[in-house]
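# Observations on the three-dimensional arrangement
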Amino acid sequence: MRESARRLISRNFGLKLLSLVLATGLWYAITSEPVAEIEITVPIEFRNVPATLEISSEKIPQAEIRLRGPARLMHQLRPADIRAAVDLAGARPGERTVDLTSRMVQAPRELTVVQIVPSQVRLAFDRRQTREVEIRPRVVGEFAAGYRIARVEADPSHITITGPKRHVDAVEAAITDPIDASGTMIRGSFFTHAYVSDPLVQVVDPAPVRVTVIMEKIAP
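Residues numbered from 1 in each chain as written. Predicted model: local features only at pLDDT ≥ 70, side-chain atom pairs only at ≥ 80, totals over all residues. Heavy atoms only, no water.

## Considerations on the sheet that holds strand β1 (residues 35-42)
What counts, and what does not: Pairing between strands is defined by DSSP: at least two bridges between the two strands are required. Each helix corresponds to a stretch of at least 4 residues labelled H or I by DSSP, and each strand to a stretch of at least 2 residues labelled E; elements are numbered beginning at the N terminus. As a rule, the C-alpha atoms of each element are fitted with a line to give its axis, helices using only the stretch in contact, and angles between N-to-C directions run from 0 to 180 degrees.
The strand order across the open sheet built from three strands is β1-β4-β8, with neighbouring strands paired in antiparallel fashion. Two strands close off the open sheet at either side, each with one partner strand: β1 and β8 (112-117). Averaged over all pairs of adjacent strands, the angle between strand axes in this sheet comes to 20°, irrespective of strand direction. Alignment of β1 against strand β4 (residues 63-70), held across eight bridges, turns out to be antiparallel. The residue of β4 that forms the bridge with E39 is R66.

Here is the structure:
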């Protein structure tokens with residue numbers, strides 16, 4: 001019995017010894033691999049925002065994420081490899097505090113999330129509002145003596161805007177980029193763009209605006 005066990009152990013002894021050495025070396029290489037930490041700043045992604053809501057917070061902070069893991073991975077890491085995503089399903093109008101946890105961070109499996117700054121984000125939500133507002137052209141320039149602007153027409157005369165209700169309701173009109181009509185004697189047409197200064201309000205289907213400047217003589 002003992003002889004049989006001895007023959008079994010000694011069979012392919014060299015290969016068995018080599019396998020043991022390789023396994024030991026691999027285990028040592030893995031367990032002794034240098035560990036490093038890195039901090040990456042990424043934008044916070046918002047998912048499943050209800051279709052009828054808008055985020056009305058004017059500033060959304062970025063997330064500074066500190067990660068720990070094998071140094072070899074840290075050297076290859078790119079900001080695009082890390083994501084911080086917040087699920088907003090079920091959000092309602094008003095303010096809401098969202099905790100940023102490691103579960104919300106998508107990162108390579110070998111890395112560990114050590115810290116997230118800030119640990120909380122305060123968000124404001126408002127109902128989405130869409131309406132039309134007037135376009136008000138801005139005309140500048142130097143005109144010939146005895147002439148003045150009689151009328152300014154915009155085509156289209158209105159544009160549609162959308163965004164958080166409180167912000168959309170506060171918009172009186174959209175304005176155009178400055179139009180230099182210098183030298184216009186009777187009539188001049190110019191193409192420009194209209195915009196709304198509030199960054200949370202968007203122009204729906206933005207398109208060039210044709211502005212016609214009509215001049216008249218000043219009565220002596």
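After that view, the rundown keeps rolling.
## Quick word on the side chain of D198
Note the threshold: Relative accessibility under 20% of the residue-type maximum defines a buried residue, over 50% an exposed one, and the middle range a partly exposed one, all with a 1.4 Å probe and only protein chains included. When charges are counted, Lys and Arg contribute as positive and Asp and Glu as negative, whereas His and the chain ends are disregarded. Here, a salt bridge means any Lys or Arg side-chain nitrogen found within 4 Å of an Asp or Glu carboxyl oxygen. Counted as a polar contact is a pair of N or O atoms within 3.5 Å, where, for protein atoms, one must be capable of donating a hydrogen and the other of accepting one, and residues adjacent in sequence contribute only when both atoms are in side chains.
Within the secondary structure, D198 sits in the loop between β14 (194-195) and β15 (202-203). Here D198 sits buried without a salt bridge, and the closest side chain of opposite charge, R166, lies 7.4 Å off (N-O distance). For D198, the side chain forms a polar contact with the main-chain nitrogen of L200, separated by 2.9 Å.

## Notes on the side chain of T192
Here is the rule: For this analysis, residues touch if any pair of their heavy atoms sits within 4.5 Å.
Note on placement: T192 falls in strand β13 (residues 187-192). Contacts of T192, omitting those with residues within four sequence positions, involve T176, D177, I179, P208, V209 and V211.

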